[in-house]
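Letter by letter, the chains look like this.
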Amino acid sequence: MAFFFIPDYLTIFAPKSERMELLDGKETARIIKAEIAQQVKARKAEGKKIPHLAAILVGTDGGSMTYIANKLKSCEECGFESTLMRYDDSVSEEVLLNKVKQLNEDKSIDGFIVQLPLPAHIDEMKVTLAIDPQKDVDGFHPMNLGKMALNLPGFVSATPSGIIELIRRNNLETAGKKCVIIGRSNIVGMPLSIMLSQNTEPGNCTVTLAHSQTVNLKEICLTADIIIAALGQPNFVTADMVKDGAVIIDVGTTRVQDSTKVSGWKLVGDVKFDEVAPKCSYISPVPGGVGPMTIASLMMNTLKAMDLKGK
Ligand code: GUN
């Protein structure tokens, strides 16, 4: 049988913006977790302790349960120990704070997370403040947020650091680029705006942090080399907001009803993928983009938590 090499003329001669590449978070996360698993295997062979992540889950919110299941599965893939503590929606703040205190003191636990959101009767900030910053592998404690802002060693929250890692591992240029982040949450938009404006690599962007009060958002987005959509509104970013060749990172993960799925729902990002993708140079999909990178970062933070203790 003869094989002919047929050049893909459409790709070769297409303008740069038409050669869109996918930022494959699923594959990048798989590689990171395989690297971590190697390190854990080596530690085990030397008779050293293996990392142990604990997670607190309150209630039965579908999104939170899926996140936690994926985090525990990733622990297994990395060779970590993991412990899940589940509470009913009606759990009191006091019970939860006592559990946090107990986990702070438990020497077998290297790091732990409290899955958010918590029920309205529990003060999330009070719970976050109760976590020992040295075990705060989510990087949500003000001590870790402050260290991140000053570029000091500490835990950086998993979604922003996952995005930074996705940018790094895909060799995307950021220095001097104009980056528009839509959404100013404490766990994504706000920390990411600081990280991408720092004198680091990746970093050195000129960052605009857009939010619900921003005027002329479309015009602002049209000037962006990089758009990071993190507002939690499905299909918010449309093609008319994106300049040719831009890099698009989609942080949105909203569950919407889909009767064609066995589960009855599908995950939808903040970017209207089908119409935006042909315009950009790189785009992260949902699912399979930022989500898996967030979990890979949590695994990296847990390994770091154990290393910090010198175990
Ligand atoms: N809820 C949504 N994202 C996160 C996360 O990264 N960590 C925790 N603990 N809760 C979340």
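As a starting point, this report considers the structure included with it. Think of each chain on its own: its residues are numbered from 1, step by step along the sequence as written. Since the coordinates come from a predicted model, pLDDT governs what is reported: local features require at least 70, and pairs of side-chain atoms require 80 or more to be given and counted, while whole-chain, interface and lining totals use all residues. Calculation of side-chain values draws on the structure's entire complement of heavy atoms; hydrogens and water are dropped beforehand.

### Some remarks on the state of the cysteines
We call a pair of cysteine sulfur atoms a disulfide whenever their separation is within 2.5 Å. The full count for this structure, using the stated rule, is zero disulfides. There is no disulfide at cysteine 75, and the cysteine sulfur nearest it, in cysteine 78, is 7.0 Å away. Looking at the unpaired cysteine 179, the closest cysteine sulfur is the one in cysteine 205, lying at 5.0 Å.

### Brief notes about the site of the ligand
Around the ligand sit Lys71, Val114, Gln115, Leu116, Asp138 and Phe140, and that is every residue in its neighbourhood. Whenever a nitrogen or oxygen atom comes within 3.5 Å of another N or O atom, the pair is scored as a polar contact, on the condition that within protein one atom can donate a hydrogen and the other can accept it, and that pairs from neighbouring residues in sequence are kept only if both atoms are in side chains. Between the ligand and valine 114, the relevant distance is 2.9 Å, taken from a nitrogen atom to a main-chain nitrogen or oxygen of the residue. The backbone of leucine 116 places a nitrogen or oxygen atom 2.9 Å from a nitrogen atom of the ligand. Protein coverage of the free-state accessible area of the ligand, which is 280 Å², stands at 87%. One heavy atom within 4 Å of a molecule or strand makes the whole residue count as near it. Computed with a 1.4 Å probe, the accessible areas rest on the Shrake-Rupley method; for each residue, only the protein chains presented here act as cover.

### Some points on the pattern of salt bridges
One side chain can pair with another of opposite charge once the charged atoms of both are near each other. One speaks of a salt bridge when a side-chain nitrogen belonging to Lys or Arg is within 4 Å of a carboxyl oxygen belonging to Asp or Glu. Tallied over the entire structure, the rule returns 13 salt bridges. Lysine 33 is the salt-bridge partner of glutamate 77, the closest N and O atoms lying 2.8 Å from each other. Here glutamate 77 is found in helix H3 (residues 62-78), whereas its partner lysine 33 is found in helix H2 (residues 25-45), with 44 residues between them in sequence. Throughout this description, buried means an accessible area under 20% of the type-specific maximum (1.4 Å probe, protein chains only), exposed means over 50%, and partly exposed covers the range between. For glutamate 77, a relative accessible area of 39% translates into the label partly exposed. Since its relative accessible area comes to 14%, lysine 33 is described here as buried. Through salt bridges that share partners, Glu35, Glu165, Arg168 and Arg169 make up one connected network. Helix and strand labels come from DSSP, where a helix needs a run of H or I of at least four residues and a strand needs a run of E of at least two; each type is numbered from the N terminus.

### Quick notes on the side chain of serine 74
Take serine 74: it is sitting in helix H3. Residue classification places serine 74 among the buried positions, given a relative accessible area of 3%. Polar contacts involving the side chain of serine 74 include one to the side chain of lysine 33, which spans 3.0 Å. Should any heavy atoms of two residues lie within 4.5 Å, those residues are counted as being in contact. Setting aside its immediate chain neighbours within four residues, serine 74 contacts Lys33, Ile295 and Met299.

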